[in-house]
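# Breakdown of the fold
Each chain, written out:
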Amino acid sequence: FKTNNNLYYSQSVHNWRRTSEDIDSSGFLTNSILDFTYLSWAKEMGKLGEQILLSKEILSVLQEIGTTETYSMWQNMLFDSSTGTIDHFDSWYLDTNPPGSLIGVWVALENIDDANGVFHVYPKSHKTKSEVESLGHDDFKSYCSKLSENFSKYPAKLSKGDCLFWHPNLLHGSSHQGRLGFSRKSLTAHYQPLRCKRSN
């Protein structure tokens, strides 16, 4: 995918890009690939991603921790290296209607620690009642930064094959690589119960 200089849309910077623009000195993509399972010129990569993200193991956990209904995948992302993500919660960007039924999943494709750039969460932050729908993005980022001061940060140092599931109101983010030359191959996806409409 990278050596063919393919075109992809990056969630990190919100535009279409060529892989040649985004390869770092270690050969890793510096931006995420949005909806990589739907790229018509990367069908094999997409098929492999679907085998993971729509596996019976993940779908059964979604039903166990969410509702007992069938879930569909809303969107997904592939990370070759850590892009560093600000602290945020997903419901400002996307959620179900009625809100609160979206579930996020992060899948480690290799062992992840500080060298790669870890994904972190703020346990119990999803229980905070927040009215942020009317905030602009800069104000939302400021709100999340202040909210993080009220909770302890938990770094998710996952092993290859581990999955992390989270509520749409859970504050979370990720750090940049702790050391150059390390990839952070991982997948992210968001799921909704079939009965729910999308609010964003």
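If you're wondering where the values come from, they're calculated on a predicted model, not measured in any experiment.

### Details of the overall build of the protein
The helix and strand tally for the protein stands at three helices and 13 strands. Taken over the C-alpha trace, the protein has a radius of gyration of 17 Å; the compact-globule value for 200 residues is 16 Å, and the two agree within 12%. Out of the 200 residues in the protein, the part that is buried amounts to 44%. Within the protein, counting contacts between residues at least 6 apart in sequence, those at least 24 apart form 79% of the total. For the protein, the accessible surface area stands at approximately 10,500 Å², while carbon and sulfur atoms represent 51% of it. Here the protein holds 20 positive side-chain charges and 22 negative ones, and the gap between their average locations is 2 Å.

### Examining the packing of aromatic side chains
Tallied over the entire structure, the rule returns nine aromatic pairs. Between tyrosine 9 and tryptophan 16, the aromatic rings sit 5.5 Å apart at their centres with planes inclined by 75°, giving edge-to-face as the arrangement. Relative accessible area serves as the criterion here: at 23%, tyrosine 9 is assigned to the partly exposed category. Plain terms: the ring middles of phenylalanine 119 and tryptophan 166 are 5.2 Å apart, the flat faces sit at 45° to each other, and that makes the pair tilted. Linking phenylalanine 119 in strand β8 (residues 119-121) with tryptophan 166 in strand β10 (residues 163-166), this pair joins segments that are 47 residues apart in sequence. Each member of the pair, phenylalanine 119 together with tryptophan 166, is buried. Put simply, the rings of Phe89, Trp92, Tyr93, Phe140 and Tyr143 touch in pairs and so form one group of aromatic residues. Over the ring of phenylalanine 79 we find arginine 184; its NZ or CZ atom is 5.0 Å from the centre of that ring.

### What about the nonpolar core?
By size, the foremost hydrophobic cluster in this structure holds 18 residues, and its most contacted members are Ile33, Leu53, Leu62, Val105 and Tyr191. Breaking this core down by element, the ones donating at least two residues are α2 (56-65), β4 (71-79), β7 (103-108) and β12 (186-193). If you look at the next biggest cluster of nonpolar residues, it comprises eleven residues, including Ile112, Val121, Leu158 and Leu164.

### Describing the sheet that holds β7
Overall, antiparallel pairing links the five strands, which are arranged β3-β4-β12-β7-β10 in an open sheet. Each edge of the open sheet carries a strand with a single partner, namely β3 (33-34) and β10. Seen against the sheet, helix α1 (residues 43-53) touches β4, β7 and β12 and runs at an angle of roughly 60° to β12.

### Examining the pattern of salt bridges
Overall, the coordinates contain eight salt bridges when judged by the stated rule. Salt-bridge contacts for lysine 2 lead to aspartate 80; the nearest nitrogen and oxygen are separated by 2.9 Å. With lysine 2 in the segment before β1 (7-10) and aspartate 80 in the loop between β4 and β5 (85-88), the pair connects residues that are 78 residues apart, well separated along the chain. Salt-bridge contacts for lysine 141 lead to aspartate 138; the nearest nitrogen and oxygen are separated by 3.7 Å. Placement of the pair is lysine 141 and aspartate 138 together in helix α3 (residues 137-148), with a separation of three residues, close to one helical turn. A relative accessible area of 33% places lysine 141 in the partly exposed class. The exposed category is assigned to aspartate 138, whose relative accessible area is 55%.

### Some words on the pairing of β10
Of the two faces of β10, the one lined by Leu164 and Trp166 is fully buried and the one lined by Cys163 and Phe165 carries no buried residue. Where β7 lies against β10, four bridges are found, and the strand directions are antiparallel. Residue pairing in the sheet places glycine 104 in a bridge with tryptophan 166 of β10.

### Concerning α3
Here α3 is twelve residues long and its end C-alpha atoms lie 16 Å apart, about the 16 Å a rise of 1.5 Å per residue gives. Where α3 is buried, its residues meet β5.

Reading the values: the criteria
Throughout this description, residue numbers start from 1 for each chain and increase along the sequence as written. Local features in this predicted model are restricted to residues of pLDDT 70 or higher, and side-chain atom pairs are both shown and tallied only at a pLDDT of 80 or more, whereas totals for entire chains, interfaces and linings draw on every residue. Values shown for side chains rest on all heavy atoms present in the structure; no hydrogens or waters enter the calculation. Numbering of helices and strands starts at the N terminus; helices are DSSP runs of H or I of at least 4 residues and strands are runs of E of at least 2. A radius of gyration in this sense is built from C-alpha atoms; the matching globule rule multiplies 2.2 Å by the number of residues raised to 0.38. Throughout, exposure labels follow a simple rule: accessible area from a 1.4 Å probe, protein chains only, divided by the maximum for the residue type, with under 20% read as buried, over 50% as exposed, and the rest as partly exposed. Residues count as neighbours in contact if any of their non-hydrogen atoms are within 4.5 Å of one another. Residue exposure ignores everything except the shown protein chains as possible cover, and the areas themselves are Shrake-Rupley values with a 1.4 Å probe. Charge counting treats Lys and Arg as positive and Asp and Glu as negative, with His and both chain ends excluded. In plain terms, the charge of a residue is placed at NZ if it is Lys, CZ if Arg, CG if Asp and CD if Glu. Side-chain rings of Phe, Tyr and Trp, where Trp is taken by its six-membered ring, are said to pair if the distance between their centres is within 6.5 Å; with planes under 30 degrees apart they count as stacked, over 60 as edge-to-face, and otherwise as tilted. A ring is scored as having a charge over it whenever the NZ atom of a lysine or the CZ atom of an arginine sits within 6 Å of its centre and within 35 degrees of its normal. Among buried residues, the Ala, Val, Leu, Ile, Met, Phe, Trp, Tyr and Cys ones that are joined through side-chain atoms within 4.5 Å form a nonpolar core. A pair of strands counts as paired when DSSP detects no fewer than two bridges linking them. With axes taken as lines fitted to C-alpha atoms, and helix axes fitted only over the stretch in contact, angles between N-to-C directions fall between 0 and 180 degrees. When a carboxyl oxygen of Asp or Glu is within 4 Å of a side-chain nitrogen of Lys or Arg, the pair counts as a salt bridge. To estimate the expected span of a helix, subtract one from its residue number and multiply by 1.5 Å.

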